[in-house]
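Geometric and topological summary
Letter by letter, the chains look like this.
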Amino acid sequence: MPTGPQIILTLKVLVVAVTLLLLASLVALAQKRPRRHGQINTVFFILTLLTVMAFEGVLQWVDVSATFDDAARQALRIHLGFAIPAALILPAMFLSGKMRKKTLHVALAVVFSILWTGTVITGLGLPH
Ligand code: HEM
């Protein structure tokens with residue numbers, strides 16, 4: 001079984017990797033290639049959900065915050081305050097994109113971008 005710090009480090013690598021995909025999808029959008037944006041983000045969506053599900057599974061066996069002091073636990077709470085709403089919005093982002101509900105999709109994108117930025121910044125700051 002991996003240790004808590006190993007799990008957190010793995011999560012950081014995965015979050016950076018999917019963030020690169022998200023950025024690539026925005027480049028595709030800027031190049032007026034919305035279909036490519038959709039394809040890249042479909043992969044982003046699947047990988048992010050798989051990561052969340054795998055993490056939830058591992059949490060049944062490992063207490064990742066066992067080695068955390070009070071400050072680190074507070075940092076984890078703040079991180080989850082971004083990460084959980086971001087994960088909840090993701091299916092709506094995917095469906096609104098697929099259904100071409102552009103106004104809804106772009107409105108959700110504003111909220112999602114804030115939440116994802118917060119997830120990455122507060123996540124990378126966690127101790128491992
Ligand atoms: C975070 C910033 C994002 C912005 C600014 C953005 C913006 C857009 C825009 C402007 C379109 C074109 C809509 C149209 O022409 O009707 C689009 C399409 C789409 N987006 Fe996003 N999006 C973002 C994130 C995401 C995410 C996170 C996902 C998936 C979870 C996603 C999935 C899609 C899909 C599937 C399409 C349809 C592509 C197609 O036409 O085949 N987008 N997006």
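Model, not experiment: these values are computed from the prediction.

**Looking at the overall build of the protein chain**
Across its full length, the protein chain holds four helices and zero strands. Listing every helix and strand of the protein chain by position from the N terminus yields α-α-α-α. Dimensions along the principal axes, computed over C-alpha positions, put the protein chain at roughly 45 × 25 × 20 Å. Within the span of the protein chain, comprising 128 residues, buried residues form 14% of the whole. Across the protein chain, the fraction of contacts at a sequence separation of at least 24, relative to all contacts at a separation of at least 6, is 67%.

**Examining helix 4 (residues 102–124)**
The terminal C-alpha atoms of helix 4, which comprises 23 residues, lie 31 Å apart, in line with the 33 Å expected from a rise of 1.5 Å per residue. Regarding helix 4, the residues found buried are Leu-115, Trp-116, Thr-119, Val-120 and Gly-123. Packed against the buried residues of helix 4 are helix 1 (4–30) and helix 3 (70–98).

**Some details on the environment of Leu-22**
Along the chain, Leu-22 falls in helix 1. Here Leu-22 falls in the partly exposed class, since 17 other C-beta atoms lie within 10 Å of it. Taking the C-alpha atoms as reference points, Leu-22 and His-37, separated by 15 residues in sequence, lie 8.6 Å from one another.

**Some remarks on the site of the ligand**
Taken together, the neighbourhood of the ligand is formed by 20 residues, with Gly-38, Asn-41, Phe-94, Gly-97 and Ala-109 sitting nearest. Taken together, the elements giving at least two residues each to the shell around the ligand come down to helix 2 (34–59), helix 3 and helix 4. No other element matches helix 2, which puts seven residues into the shell around the ligand. Of the residues contributing to the shell around the ligand, the split by class is nine nonpolar, seven polar and four charged.

**Some details on helix 1**
When the terminal C-alpha atoms of helix 1 are compared, their 39 Å separation across 27 residues agrees well with the 39 Å that a helix rising 1.5 Å per residue should span. Buried within helix 1 we find Ile-8, Leu-11 and Ser-25. Structurally, helix 1 contributes buried residues whose contacts are with helix 2. Phi for Lys-32, located one or two positions after helix 1, is positive at around 60°.

**Comments concerning unusual backbone geometry**
Of note, Lys-32 is a non-glycine position whose phi angle comes to about 60°, a positive value. By the element assignment, Lys-32 lies in the loop between helix 1 and helix 2. We note that Arg-100 has phi near 55°; this positive angle belongs to a residue other than glycine. On the secondary structure map, Arg-100 appears in the loop between helix 3 and helix 4.

Rules behind the numbers
Within any chain, residue numbers begin from 1 and follow the written order of that chain's sequence. Where local features are concerned, this predicted model is filtered to residues with pLDDT of at least 70; where side-chain atom pairs are given and counted, the filter is 80 or more; whole-chain, interface and lining totals use all residues. For helices the rule is a DSSP run of H or I covering at least 4 residues; for strands it is a run of E covering at least 2, with both sets numbered from the N terminus onward. Exposure classification rests on a simple neighbour count of other C-beta atoms within 10 Å of a residue's own: a residue reaching 20 or more is buried, one at 12 or fewer is exposed, and one in between is partly exposed. C-beta atoms are placed from the backbone. Note on contacts: residues are paired as contacts if their backbone-placed C-beta atoms lie within 7 Å. Expected span of a helix: the number of residues minus one, times 1.5 Å. Placing a C-beta atom from the backbone of each residue, we mark the residue near a molecule or strand if the atom is within 6 Å of it. The nonpolar class holds Ala, Val, Leu, Ile, Met, Phe, Trp, Tyr, Cys and Pro. Asp, Glu, Lys and Arg form the charged class, and all remaining residues, Gly among them, are polar.

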